[in-house]
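Each chain, letter by letter, is given below.
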Amino acid sequence: MYTSQNGDAPFKNQRMAVFADVQNMFYSARNNYYDSRLDYDKLLAAVLKGRPLVRAIAYLVETEEVDQSGFKYLLKSIGWEVRTKQLKIRPDGSTKGDWDMGIAIDAISISHKIDTVALVSGDGDFTALVNHLKASGVRVEVYSFERNTASELINSATDYYPIDESFLRRK
């Protein structure tokens, strides 16, 4: 991790975009730290480190059984845009509900307007996206729970920052 003595990033003027894979973070927090949730306000402040924010987008998959309206309101009130989609149930009963393509398209679409992407996910499927963004001249910082992060994603990032208990809040 690169920080100066006062804790500011050396890339202080770099324009930031933050993309949070909420489902990945939800299950990682739940599996690593019983009954905990990621504090998205604290996370956003830590990711930005005083750098200018262009966009912060949280991607959620919704189900009819779970009311996420309060969580969506909280995210919006602290500066996140919220994108949602419904969980799809296939004819065989299996489910599909991820935002991988949406996150990739959004990150590539905004890459010419930013200097750094912060990807909040441990999903190794994003390795190709990270490599593409870096080849385009964009710095890519990955933030995730280390135990639930693909090693190839960590290795492909410009910088990797593990999320620990200090970023959690208990239910």
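Heads up: the structure comes first, above all this text.
Throughout this description, residue numbers start from 1 for each chain and increase along the sequence as written. Owing to the predicted nature of the model, reporting of local features is limited to residues with pLDDT of at least 70; listing and counting of side-chain atom pairs is limited to 80 or more, with chain, interface and lining totals taken over all residues. Side-chain figures throughout are based on the complete set of non-hydrogen atoms in the structure, without hydrogens or water.

## Let's talk about unusual backbone geometry
Okay, step 1: Even without being glycine, Lys49 reaches a positive phi, approximately 50°.
Okay, step 2: We count a stretch as a helix when DSSP gives it H or I for four or more residues in a row; a strand needs E for two or more, and each element gets its number in order from the N terminus. The residue Lys49 is located in the loop between helix H2 (40–48) and strand E3 (53–62) in this model.

## Some remarks on the packing of helix H4 (residues 100–110) against helix H5 (residues 127–135)
Okay, step 1: Close contact between H4 and H5 brings their axes to 11 Å; oriented N to C, the two are set at 5°. Viewed along their axes, H4 and H5 adopt a mutual orientation that is roughly parallel. On H5, the residues that touch Ala104, Ala107 and Ile108 of H4 are Leu129, His132 and Leu133.
Okay, step 2: By residue class, the composition of the contact of H4 with H5 is five nonpolar, one polar and no charged. Angular values range over 0 to 180 degrees, each being the angle between N-to-C directions of two axes fitted as lines to C-alpha atoms, with helices fitted over their stretch in contact. To sort the angles, those under 35 degrees are grouped as roughly parallel, those over 145 as roughly antiparallel, those from 65 to 115 as roughly perpendicular, and the leftovers as oblique. Contacts are residue-level and defined by heavy atoms, with any inter-residue pair within 4.5 Å sufficient. Only Asp, Glu, Lys and Arg are considered charged in this grouping, and only Ala, Val, Leu, Ile, Met, Phe, Trp, Tyr, Cys and Pro are considered nonpolar; every other residue, Gly among them, is considered polar.

## Some words on the side chain of Ser144
Okay, step 1: Looking at the element boundaries, Ser144 is found in strand E8 (residues 139–144).
Okay, step 2: Working definition: with a 1.4 Å probe on protein chains only, accessible area under 20% of the residue-type maximum means buried, over 50% means exposed, and in between means partly exposed. Taking relative accessible area as the criterion, Ser144 reaches 0% and is therefore assigned buried.
Okay, step 3: Polar contacts, as used here, are pairs of N or O atoms within 3.5 Å; protein pairs need one atom able to donate a hydrogen and one able to accept it. Residues neighboring in sequence count only if both atoms are side-chain atoms. Here the side chain of Ser144 touches Thr149 through a polar contact of 2.4 Å, side chain to side chain.
Okay, step 4: A distance of 2.9 Å separates polar atoms of two side chains, one belonging to Ser144 and the other to Tyr160.
Okay, step 5: Residue contacts for Ser144: discarding those within four places in its chain leaves Met25, Ser121, Gly122, Thr149, Tyr160, Tyr161, Pro162 and Ile163.

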